[in-house]
Amino acid sequence: MAEAHSAVAFQFAVTNEGIVFHINNDALVAVILSSYRESKRRATWWFNRLTSGYPSSHTSLFGILFAVFFLQVYESRCKPLIHDVKQNYLKNFASPPFDSLLLGFGIWVVFSLIRKYMLRLMLLNLSFLYDNPRKPSFNTKVWFLFLRILSGRKKNLFSFQSVLPRMRLPSLHETLTRHLLSVKPLVSSEKYEQLAKMSEDFEKNLGPRLQFYLWLKSWFSSNWCTDWWETYVYLSSRTPIMINSNYYGLECVLYPHYACQAARAANICYSLFKFRQKIETEDLKPILVQGARPLCSSQYIRAFNTTRIPGVECDKFQTTFNCDHIAVYYEGCWYKMNIYHNGKIQSPADFQKLFQYILDDSTKSKPGEKYLGALTTLNRTDWANARQKYFLSSPVNNKSLQAIETAAFVVVLDPDCVNFDTEDPEPGTRWAREGLHGKGYNKWFDKSFTLTIFKNGRMCSNVEHAWGDAPISAQMIEYVMCSDLLELRYTKEGNTYGTPSTDLVLPNVLTWQLSDDCVNVVNQAKIHADKLIEDVDLRLHMFKEFGKRFIKKCKLSPDGFIQMALQLAYYRDVGQFDLTYEASMTRLFRDGRTETVRSCTVESSEFVMSIVNGAPKQESLELLRRAVSNHQRLYRDAMCGYGIDRHFFGLYVVAKYLKEDERSSFLSTILSEPWRLSTSQTPLIQMNLFDIEKYPEMISCSGGFGPVSHDGYGVSYIVSGEDLLFFHVSSNSAMIKVFLESGKLSKLKIANGSRVSKGNLLATYVTDNGLMRLKAPVSGVVRDVCNPSEATDSVKCLVCCIEPTECNHFTRIKNMCADCGCDLNEDILKSAKSEKLVSMVHSIPELQISSELAAAIGADDIKNLLSQRRLVLILDLDQTLIHTTNDDVDSDLDGVIHFKLWQNAGPWYHTKFRPGVEKFLKNISKLFELQIISFGVRLYAHTMAAFLDPSGTLFHQRIMSRDEIQFFGADKTSNLSALFPHGTEMVCIVDDREDVWNYMPNVIKAPPYRYFKGTGDINSPNMPIKDPRVNQEDSDEQNKSAVEPNEAESNNSSQYEDSKNKPPSTVETSKISSDHDADDYLERLEMVLEQIHSMFFEEYDRTGKLVSVVKMMQRLKSSILENLNIVFTSVFPTNYPLEKTREFKECIALGANVSQTLQLDTACKTTHLIAAKPGTSKVNQAKRCKKIHIVNPDWLWDCSFRWEKVKEENYALEKYTSNTIKRCISPYKNMNHIPSNGHVAAEDVFLKKNLIKSLTEEIEEELKDEEYHSESSASSDESGESASKRYKTDVDVIDDDMVNDIERELLQDLN
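Residues numbered from 1 in each chain as written. Predicted model: local features only at pLDDT ≥ 70, side-chain atom pairs only at ≥ 80, totals over all residues. Heavy atoms only, no water.

A.B. asks: Please clarify how the pattern of salt bridges should be interpreted in this entry.
C.D. replies: Note on pairing: side chains with opposite charge can pair once their charged atoms come close. Counted by the stated rule, this structure contains 40 salt bridges. Its salt-bridge partner being Glu 200, residue Lys 204 comes within 3.2 Å of it at the nearest N-O pair. Here the residue Lys 204 and the residue Glu 200 both occupy positions in helix 7 (residues 189-204), the gap between them amounting to four residues, near one helical turn. For Lys 204, a relative accessible area of 60% translates into the label exposed. Linking Glu 1204 and Arg 1084 is a salt bridge whose minimum nitrogen-to-oxygen distance equals 3.9 Å. Placement of the pair is Glu 1204 in the loop between helix 36 (1193-1202) and helix 37 (1221-1224) and Arg 1084 in helix 32 (residues 1081-1103), with a sequence separation of 120 residues. Arg 1084 gets classed as buried once you look at its relative accessible area, which sits at 10%. Residues participating in the shared-partner salt-bridge network are Arg 238, Arg 308, Asp 315, Arg 380, Asp 446 and Glu 464. (Salt bridge = Lys/Arg side-chain N within 4 Å of Asp/Glu carboxyl O. Helix = DSSP H or I, 4+ residues; strand = E, 2+ residues; numbered from the N terminus. Buried < 20%, exposed > 50% of the residue type's maximum accessible area, 1.4 Å probe, protein only.)

If you want it as structure tokens, here you go:
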């Protein structure tokens, strides 16, 4: 935890020696720097007021003074005039030469006022909005010319504020007329006539009085609407602001992956503070419509350093100027981070260092601290009371709360990752939900905006709506994205550029003292936030079919076209027309914010009905053009102050002040109508900082907001570029309430989250007629189930709510839906939505779920594994962990388990554990989640699991047998995609056979464990494949199946009791492997797996990305024989391609280099010669070079099995007898010709035919080699006759053994 600085700069104490001062140097420096920044800010503000003097600048003042002096001295015709002015008007005010200065200054003031009011008159003209921007009228061209001349060249952010006109107040008659026209398509003719009479009565009686007071306010305020709008619509609202008020924004979703989390947060924060600096110094240019007409800039003032403070009746804004810190939230803890270093904004490298400090901090949050942000999601009155009771009254809590509320903004470092997929809307929707509400507690919704930086560097923002509208925050994000991605950028490692300072002040952890009552309130706020989140649906959709380019080719307004499309979609969904809200800006006026465009009009409804009724295309097209044209006119009217709803709102507020609201039933009726379709468009580019054609990936998808009405939609959209549209659609989950009309509730048959079909039993209740049943009126998901104890004695109680949704039957057990219990016949299955179903339960393959649910479960599994720092390990049973036989064996063999699978029936089975298996499983389970797979049937697999894991804590139900494998396919890979829907990046597999896994790179090949001679894998699905480590006689026995799948099963405990009754039999000792106790493979395997686990999580911690264990396995394996140079001789036919042999591939995988010939004089000298027989030319040549190790092929296979370089001394060629030559031949089919389904390809069979043919040629060529004969005779004492005899023996051995074995394999494959 960083050490907190003292808040007091000066202290003094009165002693006998006088007054002693204590000065805290650090705090003193902080105070001085803070005072310096504040004075600099104020000086800048006054300097801008003086220098801009808008619209006349100080340059014009100096020019006029110079002209007065020049004319007075050099121009004879002007001297008398200037002299008369001085004598008559300035004589009593100043003496020469100050009278000339005063005269010049007076002329400048008059000139400035004339220019100012001329500019204000020019800005009153808004007719240019109704002209075609591509073909403006002559009057508009002249107006723009004079406007640019009067505006001058230098334009600061607030230059135009004093000349912007006040917002217009429409006439009462015009507004009432527009209103009646707007409601005509929404109401019946009777309702319309009623509204028309109410409107006429209002216009004659109460309306003019209210209009008069509103007219007075328009003359005595800069904007007659904005202050009331902010107070009564935003600050006085008591509903939670999360979802209901705040909106969100996303960044450039199409831009490729960013930097690390700390670096991204650093660059974004640095860019934001540069943007804030531009606002404070007014260097930010004002937004100009068509390059000339300025917009109001007042909203920028509260973009930073602002918090919405909750109040009991009304909230208020708190803006802290000269704010020097930000608040950071990470993993339940709040931090205070300084902005400045040595009086300047910290560099991006400094920010990265501080953010990384927070990410590395091990501080744990105390109870309640993690969910503090959920308090800002409460009802505003409840939050105000809790704030006063638990925070303001506590000095510790108040100090920490002030650190958050006075921060420039809030940064959230989220440990999760988000992304965007152009084909799948789900990732983008999840990103949007994180922006709208997050987890409900990891944002401070009262702040002007909260940034969230995710683990993979992605970003979103949540913006409090009361202080400003979306265009301001959109411009801010636009500036930040350009600065971050095009200017600051990142290194290849994903870090910021530059070197951080060494004397930075580290962030402080904010401390809290939360009582039990306070913690309870916080937890209740968390529950409340969860309910709000659960009740909102949100979807981010990218529309790629066409965009602005196509719409403009049709000579239509893109905004109008989209609004008509929304009207059509809404009517098709709901079947009626409703009030539609589209936000339009009024920033053409001073302090302007928004006005409402009522998009549902008579013209739009006519167009929609023409489409619905199937009218001719030409007729519908003409109606579309009329509707779009009318919508454009309404939008321009709203921008010019001729809207409807803000005027009615102002009249209603006046009525409240005059206590005439009871008489204003007309206004109450209008303002109470719900906006079931609320829409808004966000501008794409406002600052022109980049070329969208050059940087198409910089396109923004904008943001969105929650639904305004509980039974409506909120739609935000943006026209991105020429061919892309983004839509953010939100709605509340429509609930149907189920009441108990009479009687008393007896028993509930449902639970929250359960799915019911129409007619399913919800509860039982008691009436005078006896026990009755309450059934579901619709199909859907049950929510808000009542508490039975509270509802037992109540009448007409709310039993539950049902969210109406038809069951998609995505969770099934055979022909029954596991969600709704529906019996799925063929007709229902055909009508059900087509969705791929998968099985994720090892032992119940019949239970299948949708791929979407499987993906969600898989994502949670990955998250849990990463949090536990574990991987997944799939272990084969037979010949990997155990060896089982059903032959007769001695009942007294040490360590052998004897059992029957079925009580008093079937054969005896005998199982021997591989040495060290209990220790191996216990140790490795700490690093891996263990799973079992076997080709035995279910009873056998679960029995073996019970023997290996009597407590049931290692494997649980993660056991897959032949029954489940055959349910999906023929090999063990059939169900991997279902068990691991997000891929096998975290999965390791240990098996004695690779072919049953289709040679997956995740497989660690284990040497087969065979305790009982003459028995291989009794559960092998087919004939075993020979292994280079196994003698021929061990694999020639026919495999006997260990199980019959249709037998009755018994529990594992009874099976274990049966195993105590040893079968009376005897066995020869030759049937037991003599070297079984020397098997230490599991010890070595444990070390290998520990290394893989360590490497995986080191890489994950370093990059923050999910890496594949395959890469770790390859990296580890490639280091075993690294820098070794290997040559083969007599291991495979010389005319067989070296690159296609298994031995070559194994050497490459182990990191060795392989060459055809011995390299004695080159840089890459041969280090090892692998030979299958002595006496070859390469062997003899290598013997003369003592630095070359001559080993038999067992050395290579043992290095591969043990994942380590074993000692060459134990693999001398002389110990390798001729009957082991066949062991060198790879037991695997050619790797380049292994089909994906594991079956032998025709090309593979062809290769084996050629292999048989080439064997004799190779033998003859090798043994007839002249060098071989000469060197062998020189190095051996054998006579020519004995050498000839040995030659013949070698040929016979090779011909009889190797060729026959390969022929046997060939025939087996052909069959």
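Here the narrative resumes.
A.B. asks: Please explain the sheet that holds strand 19 (residues 677-681) as it appears in this structure.
C.D. replies: Strand-to-strand pairing in sheets goes through backbone hydrogen bonds, with the strands running parallel or antiparallel. Strands sit in the order 16-22-21-19-17-18 across an open sheet of six strands; the sheet is mixed. Looking along the sheet, the strands with just one partner apiece sit at the ends: strand 16 (536-543) and strand 18 (594-598). Across the sheet, the axes of successive neighbouring strands diverge by a mean angle of 20 degrees, strand direction being ignored. Sheet topology places strand 21 (residues 713-720) next to strand 22 (residues 724-732); eight bridges connect them, and they run antiparallel. Paired with Tyr 717 across the two strands is Phe 727, which belongs to strand 22. Against the sheet, helix 18 (residues 558-574) contacts strand 17 (580-585), strand 19, strand 21 and strand 22, and its axis sits at roughly 145 degrees relative to strand 21. (Pairing = 2+ DSSP bridges. Axes fitted to C-alpha atoms, helices over the stretch in contact; angles between N-to-C directions. Contact = heavy atoms within 4.5 Å.)

A.B. asks: Teacher, can you tell me more about the packing of aromatic side chains here?
C.D. replies: Geometrically, a pair of aromatic rings is defined through the distance of the ring centres and the angle of the planes. Evaluation of the coordinates by the stated rule reveals 38 aromatic pairs. Each ring, one from Trp 334 and one from Trp 444, has its centre 5.6 Å from the other, and the planes form 90 degrees; the classification is edge-to-face. Here Trp 334 is found in strand 9 (residues 333-338), whereas its partner Trp 444 is found in the loop between helix 14 (425-436) and strand 13 (449-453), with 110 residues between them in sequence. The exposure class of Trp 334 is buried, given its relative accessible area of 1%. For Trp 444, a relative accessible area of 1% gives the class buried. Pairwise contacts between aromatic rings join Phe 273, Phe 275, Phe 304, Phe 351, Phe 409, Phe 449 and Tyr 479 into one cluster. (Phe/Tyr/Trp six-rings, centres within 6.5 Å; stacked < 30°, edge-to-face > 60°.)

A.B. asks: Help me understand the environment of Asp 516, please; the structure alone is not making it clear to me.
C.D. replies: Structurally, Asp 516 is set in helix 16 (residues 516-534). Separated by 149 residues in the primary sequence, Asp 516 and Pro 367 place their C-alpha atoms 9.1 Å from one another.

A.B. asks: Is there a simple way to think about the sheet that holds strand 12 (residues 410-413) in this case?
C.D. replies: As summarised here, the arrangement of the eight strands in space is 15-9-8-12-13-14-3-20, forming an open sheet in which the pairing is mixed. Each edge of the open sheet is held by one strand with a lone partner, namely strand 15 (508-509) and strand 20 (703-705). Where strand 8 (residues 325-330) meets strand 12, three bridges bridge the pair, whose relative direction is parallel. Bridge assignment links Tyr 329 to a residue of strand 12, and that residue is Val 412.

A.B. asks: Hey, could you run me through the confidence of the model for the protein chain in this one?
C.D. replies: Regions with low pLDDT carry predicted coordinates that are not meant to be interpreted in detail. Here the protein chain shows a mean pLDDT of 79. Residues at 70 or above account for 76%. Within the protein chain, strand 12 carries the highest mean pLDDT (97), whereas helix 37 carries the lowest (32). A low-confidence stretch, residues 19-24 (pLDDT under 50), is modelled with 18 contacts involving residues beyond four sequence positions or located in other chains. Note that pLDDT drops below 50 for residues 1064-1070; the model gives that stretch ten contacts with residues more than four away or on any other chain. (pLDDT = per-residue confidence, 0-100.)

A.B. asks: Is there a simple way to explain helix 11 (residues 348-360) in this structure?
C.D. replies: Note: α-helices contain 3.6 residues per turn, so residues at a spacing of three or four share the same orientation. In a regular helix each residue adds 1.5 Å, so 13 residues correspond to 18 Å; helix 11 covers 18 Å between its end C-alpha atoms and thus fits that length. Within the sequence span of helix 11, burial applies to Pro 348, Ala 349, Asp 350, Phe 351, Gln 352, Leu 354, Phe 355, Ile 358 and Leu 359. Those residues of helix 11 that are buried lie in contact with helix 10 (261-281), strand 8, strand 9, strand 11 (344-345), strand 12 and helix 15 (470-488). (Expected span 1.5 Å × (residues − 1).)

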